[in-house]
Amino acid sequence: MDKFKLPSFGKATHHSPPDMSNVDPQPRQLYVANCPNNSYALANVAAVSPQDFPDNIYILVDNLFVFTTRHSSELAAGTIGFNGNQRTWGGWSLNQEVQARAFDLFKYSGKHSYLGSLDVDISFRSRGKAVNAPFDQDELALHFAKCFESQIFSPTQYLIFEFKGHIFDLKVRNLQTIDLGDIEPVSPVSSSIEAKGILTKQTQINFFKGRDGLVNLKSSNSLRPRSDAVIRSDFKFEDLGVGGLDKEFTKIFRRAFASRIFPPAVIEKLGISHVKGLLLFGPPGTGKTLIARKIGTMLNAKEPKIVNGPEILSKYVGSSEENIRNLFKDAETEYRAKGEESSLHIIIFDELDSVFKQRGSRGDGTGVGDNVVNQLLAKMDGVDQLNNILVIGMTNRKDLIDSALLRPGRFEVQVEIHLPDEKGRLQIFDIQTKKMRENKMMDKDVDLAELAALSKNFSGAEIEGLVKSASSFAINKTVNIGKGATKLNQKDIAKLRVTREDFLNALQEVTPAFGISEEDLKTCVEGGMFRYSERVDAILKNGGRYVRQVRESEKSRLVSLLLHGPSGSGKTALAAAIALKSEFPFIRLISPTELSGMSESAKIAYIDNTFRDAYKSPLNILVIDSIETLVDWVPIGPRFSNNILQVLKVALKRKPPQDRRLLLMTTTSAYSVLQQMDILSCFDSEIAVPNMTNLDEFNNVMIESNFLDDEGRVRVIKEMSEVCPKFNIGIKKVLTNIETARHDDDPVSEIVELMAQSA
């Protein structure tokens, strides 16, 4: 057994692998005892009886935990002494039985058995004995190597460490193993307890502030990592449970956190300061609040202070401003004491626009809102600058926030949280149905890729609602509601599965807030699209060409069309048919019906919000129906709303963001009025939609609407050629006449009479 001995502590670390040929590999059953005294506790060794193991060898306890042995005459045979930290690491209690055997690391790890680097969290063992004096990392590392040289370490390991009279708790964060013959380490950094390595004098030991954040660490080595690493060492992006936001997270990390990982001296040489503000904006339900919450879990920082915007305001004079100051008080105190070594303090503002509106816009006469904005401006980037804060704001209305807050130095990183694309929706479905799939509660016929394709313009919150709705459809199958009490069939409960049919039913029930206003558009083509003339085919063909232009052209982010013609000629139906056929994810209709009864300001807000929504999807179509009615134009006077007209003029010309496309289709029955209003220049192209003017077109409509048989239609055409050979009637009126005549005792005579009256 002597050949298995390690070199004495403090000697050269370039030793050969021990000869295991005479080592007894059989495991022994031992009982856990306390370590004999403080010298054993501080040495991080396992105290053993000479009858059980040789002195100064590696042993493996419970097939996972490695320790170095040290003989103690105070321990009875069959026991093994551990200090409190060692017992915490192994999860053992006193007198618990454990299994131990001799351990050969070189057989376990091969050549990469030595530690190239070791990252360790350090905290005061007693918070009451914490001191603010700085501890030099290089001195700590030298003393650590002297105390524990040649011992084996693993991630998650707990130990006690004494330095200059202070007692610390240490936890191994991660490590990297090397082959001493290699110039550069080739193995990855590992935080798994399975990774193990021998500490040498050449091992780079990095200390980081523990959870208490009380140890004030300093370093003369400018390349040493920050002692208060912002990102937790065990953090993985996939653990966040946020889908469809990979690009956004990458930008947030690069802009807000990358500089905080580098040593402060390097950042000082670059002459830059850390980002202090991060603004997340976008439609409701896209994951802004979720991201802010998850950022708190990925950071090794102080517990975030979460504030809902309206909570800041108070009825007492000066109290609102004091609430802002109190949020920054802890960060200021620590920054004065520790400077750049201060921990990161995070403040999260939800509903930012509710409090920090543009100054002077409230009109309440109190000035409280303006003072709150001024106070936040001063705290984020005022005279007394702090470099240890990160303020995260969330809003659905970035346009309402005071512009001074959006400049560099304040909320300079502004990340739009978009509606997820198909790939992102698939990620979200995968996250939301994870438990369902793990517990085999989802039927095999459910295809998440199909659901992702069918849920265009769904936000993350709406996909979560969709999954809940599908589950409710599945649960409903097992519920038998009778005249008495609701009964549950136990056999049905055991067979419960959420099926594809349940998800399809849920898609009918849960609709996206941003997407296709399908009901409004289908109402416009309720009776179907009648291709009664080549002119109709030509208009639809032209519309399809503009759709392709918006979808495919890199230069046409905005295409604006004007469909003009007599009232009832089918302009709205044609625009709706073109829009529905496009299969764009976002299609909306602005019609006088929706704006009826609104005040002028309410109409302006509605139009503005609809255009803003139309920029949230990659491909968008907006149909503006009867634009002359929207601007309140009436022939008596004439009168119209100039404010609404100006808003529409600006909106029709305003190009969407760089990665967004918009097709605008506007209809009017008052072309000359638009000419007088000087709005025609806002359109890229005009499409004339004429009335029906000949009997052939009328006959085609009768055929497509299944009105009369061949003989009846011949009679109608013959009689009309005598009564009204020439006419000018809109398709809408023609279809109304046909539907009225269909219910008459003599439909032939009735349709002829009705057409003659309309002509």
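Quick look at the structure, then. Because the structure is predicted, anything quoted here is derived from the model rather than measured.

The rules behind the values
- Once a new chain begins, its residue numbering starts again from 1 and follows that chain's sequence as written.
- Two thresholds apply to this predicted model, a pLDDT of at least 70 for residue-level local features and 80 or more for giving and counting side-chain atom pairs, whereas whole-chain, interface and lining totals are computed over all residues.
- Side-chain numbers here rest on the full set of heavy atoms in the structure, without hydrogens or water.
- As used in this record, nonpolar core signifies buried Ala, Val, Leu, Ile, Met, Phe, Trp, Tyr and Cys residues forming a set joined through side-chain atoms within 4.5 Å.
- When a residue's accessible area, from a 1.4 Å probe over protein chains only, is under 20% of the maximum for its type it is buried; when over 50% it is exposed; and in between it is partly exposed.
- Residue ranges for the domains trace back to a domain assignment, done automatically or taken from a database.
- The contact definition used throughout considers only heavy atoms, calling two residues in contact when any of these lie within 4.5 Å.
- Salt bridge, as applied in this entry: a Lys or Arg side-chain nitrogen positioned within 4 Å of an Asp or Glu carboxyl oxygen.
- A run of H or I in DSSP counts as a helix once it spans at least four residues, and a run of E counts as a strand once it spans at least two, with each numbered from the N terminus.
- For the purposes of these results, a polar contact is taken to be a pair of N or O atoms within 3.5 Å, where, inside protein, one atom must be able to donate a hydrogen and its partner to accept one; residues adjacent in sequence count only when each atom of the pair is a side-chain atom.
- Under the pairing criterion, centres of Phe, Tyr and Trp rings, with the six-membered ring standing for Trp, must be within 6.5 Å; the plane angle then separates stacked pairs below 30 degrees from edge-to-face pairs above 60, leaving the rest tilted.
- Distance and angle both matter: a charge sits over a ring if NZ of Lys or CZ of Arg is within 6 Å of the ring centre and within 35 degrees of the ring normal.

Quick look at the nonpolar core now. Note that soluble globular proteins tend to have their nonpolar side chains buried in a common cluster. Counting residues in hydrophobic clusters, the biggest one holds 50 residues, and the most contacted among them are Leu 663, Met 665, Phe 698, Met 720 and Ile 751. Residue contributions to this core reach at least three from each of two domains, namely domain 5 (518-688) and domain 6 (695-757). When sequence neighbours within four positions are dropped, the list of residues in contact with Ile 751 reads Phe 698, Phe 707, Val 716, Asn 737, Ile 738 and Ala 741. Core analysis: the second largest hydrophobic core is formed by 31 residues, Ile 607, Ile 644, Ala 670 and Met 677 among them.

With that settled, consider the pattern of salt bridges. Enumeration according to the criterion identifies 19 salt bridges in this entry. With a closest N to O distance of 2.9 Å, Glu 139 and Lys 164 form a salt bridge. Taken together, the residues Glu 139 in helix H4 (residues 137-148) and Lys 164 in the loop between strand S10 (158-163) and strand S11 (166-178) connect sequence positions 25 residues apart. Measuring nitrogen to oxygen at the nearest pair gives 3.2 Å for the salt bridge that ties Lys 305 to Asp 330. Taken together, the residues span a long stretch of sequence, with Lys 305 in strand S16 (residues 305-308) and Asp 330 in helix H8 (residues 319-338) at a distance of 25 residues. Residue Asp 330 is classed as partly exposed on the basis of its relative accessible area, which comes to 44%. Connected via shared salt-bridge partners are Arg 397, Asp 399, Asp 608 and Arg 612.

Relative to the elements of secondary structure, Ser 556 occurs in the loop between helix H17 (534-552) and strand S22 (558-564). Residue classification places Ser 556 among the buried residues on the basis of a relative accessible area of 13%. A distance of 2.9 Å separates a polar atom in the side chain of Ser 556 from a polar atom in the side chain of Gln 549. Setting aside anything within four residues of it in sequence, one finds Ser 556 in contact with Gln 549, Val 550 and Arg 661.

A few words now on the packing of aromatic side chains. For the coordinates displayed, the defined rule picks out 21 aromatic pairs. When the centroid spacing of 5.2 Å and the interplanar angle of 80° are considered together, the rings of Phe 65 and Trp 92 count as edge-to-face. Of this pair, Phe 65 sits in strand S4 (residues 65-71) while Trp 92 sits in the loop between helix H2 (84-90) and strand S6 (97-102), and the two are 27 residues apart along the sequence. A single burial state applies to Phe 65 and to Trp 92, both of which are buried. Residues Phe 67 and Phe 82 carry aromatic rings whose centres are separated by 4.9 Å and whose planes lie at 45° to one another, so their mutual orientation is tilted. Here Phe 67 is found in strand S4, whereas its partner Phe 82 is found in strand S5 (residues 79-82), with 15 residues between them in sequence. Among the residues examined, Phe 82 registers a relative accessible area of 0% and is labelled buried. Grouping aromatic residues by their ring pairs yields a cluster made of Phe 124, Phe 135, Phe 144, Phe 148, Phe 153, Phe 161, Phe 163, Phe 168 and Phe 207. Directly above the ring of Phe 53 sits Arg 28, whose terminal nitrogen or CZ lies 5.3 Å from the centroid. When the ring centre of Tyr 546 is taken as origin, the NZ or CZ atom of Arg 545, which lies over that ring, is 5.1 Å away.

That's the geometry; what it means functionally is another story.
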